[in-house]
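Structural overview
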Amino acid sequence: MGREEIVKRLGQYHLTAFQKRVLLATYAIPKGKTLTYKQLAEKAGYPKAYRAVGSVMKMNPLAPEIPCHRVVKSDGTLGNYSAPGGISKKRRMLKAEHAL
DNA sequence: TTCCTGACGCTCG
DNA sequence: GCGAGCGCCAGGA
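Quick caveat: nothing in here was measured; it's all calculated off a predicted structure. (Residues numbered from 1 in each chain as written. Chains lettered and ligands numbered in written order. Predicted model: local features only at pLDDT ≥ 70, side-chain atom pairs only at ≥ 80, totals over all residues. Heavy atoms only, no water.)

Focus: the packing of helix H1 (residues 3-11) against helix H2 (residues 17-27)
The test is simple: Simply put, an axis is a line fit to the C-alpha atoms, just over the touching stretch for a helix, and the angle between two N-to-C directions goes from 0 to 180 degrees. Put simply, DSSP marks the helices as runs of H or I at least four residues long and the strands as runs of E at least two long, and each gets a number from the N terminus on. Angles below 35 degrees are treated as roughly parallel, those above 145 as roughly antiparallel, those between 65 and 115 as roughly perpendicular, and all remaining angles as oblique. Note on convention: near helix rotated counterclockwise from far helix by under a right angle means a left-handed crossing. Clockwise means right-handed. Only heavy atoms enter the contact rule, under which two residues are in contact if any of them lie within 4.5 Å.
One way to put it is that H1 packs onto H2 with a least axis distance of 11 Å and a crossing angle of 150°. Between H1 and H2, the angle falls in the class roughly antiparallel. Pair H1 / H2 crosses with right-handed handedness. Contacts between H1 and H2 pair Arg3, Ile6, Val7 and Leu10 from the former with Lys20, Leu23, Leu24 and Tyr27 from the latter.

Shown next as structure tokens:
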């Protein structure tokens, strides 16, 4: 699954430019690495929209293509996770890819 | 269009 | 070390 494919799929949903950029930035996170919401916001081109990033994550139309579980809070904690399994699932996935 | 809500971040006391 | 407050941006009702 390449970036082009992701872009194409995102096009099928009614997403704003902001949402697309955030999702693509999330997709770009390499396996085994994690980014903070703030860093992700910067990567997406909206350095101060770190709060809105969370809103995009919860929508995440392409899970698990979009590794939203690799996004954590700045203080090191995992933050939240709305997908089935919740926070414990998130922690477990990160551990599975040596990101924890 | 205005108001409310967040998977947040940072500063203070 | 920890909770309270305030600031932040984009969505959704």
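We are not done yet, so read on.
Remarks on unusual backbone geometry
Here the bond from alanine 63 into proline 64 is cis, since omega is 0°, no more than 30 degrees from zero. The topology assignment puts proline 64 in the loop between helix H4 (50-59) and strand S2 (71-72). In this model, histidine 98 sits at a positive phi of 60°, which is unusual for a non-glycine residue. Within the secondary structure layout, histidine 98 lies in the segment after helix H5 (86-96).

Describing the pattern of salt bridges
Opposite charge on two side chains allows them to pair when their charged atoms are near. To keep things clear, this is the line we draw: Salt bridge criterion: a side-chain nitrogen from Lys or Arg within 4 Å of a carboxyl oxygen from Asp or Glu. In this scheme, a residue with accessible area under 20% of its type's maximum is buried, one over 50% is exposed, and one in between is partly exposed, where area comes from a 1.4 Å probe on protein chains only.
Under the counting rule described, the total for this entry stands at 2 salt bridges. With a shortest N-O distance of 3.9 Å, arginine 9 and glutamate 5 are connected by a salt bridge. Separated by 4 residues within a single helix, arginine 9 and glutamate 5 lie in helix H1, roughly one turn from each other. For glutamate 5, a relative accessible area of 34% translates into the label partly exposed. With its nearest N and O atoms 2.6 Å apart, the salt bridge here joins arginine 70 to glutamate 97. With arginine 70 in the loop between H4 and S2 and glutamate 97 in the segment after H5, the pair connects residues that are 27 residues apart, well separated along the chain. A residue is classified by how much of its surface remains accessible, and arginine 70, at 10% relative accessible area, is buried.

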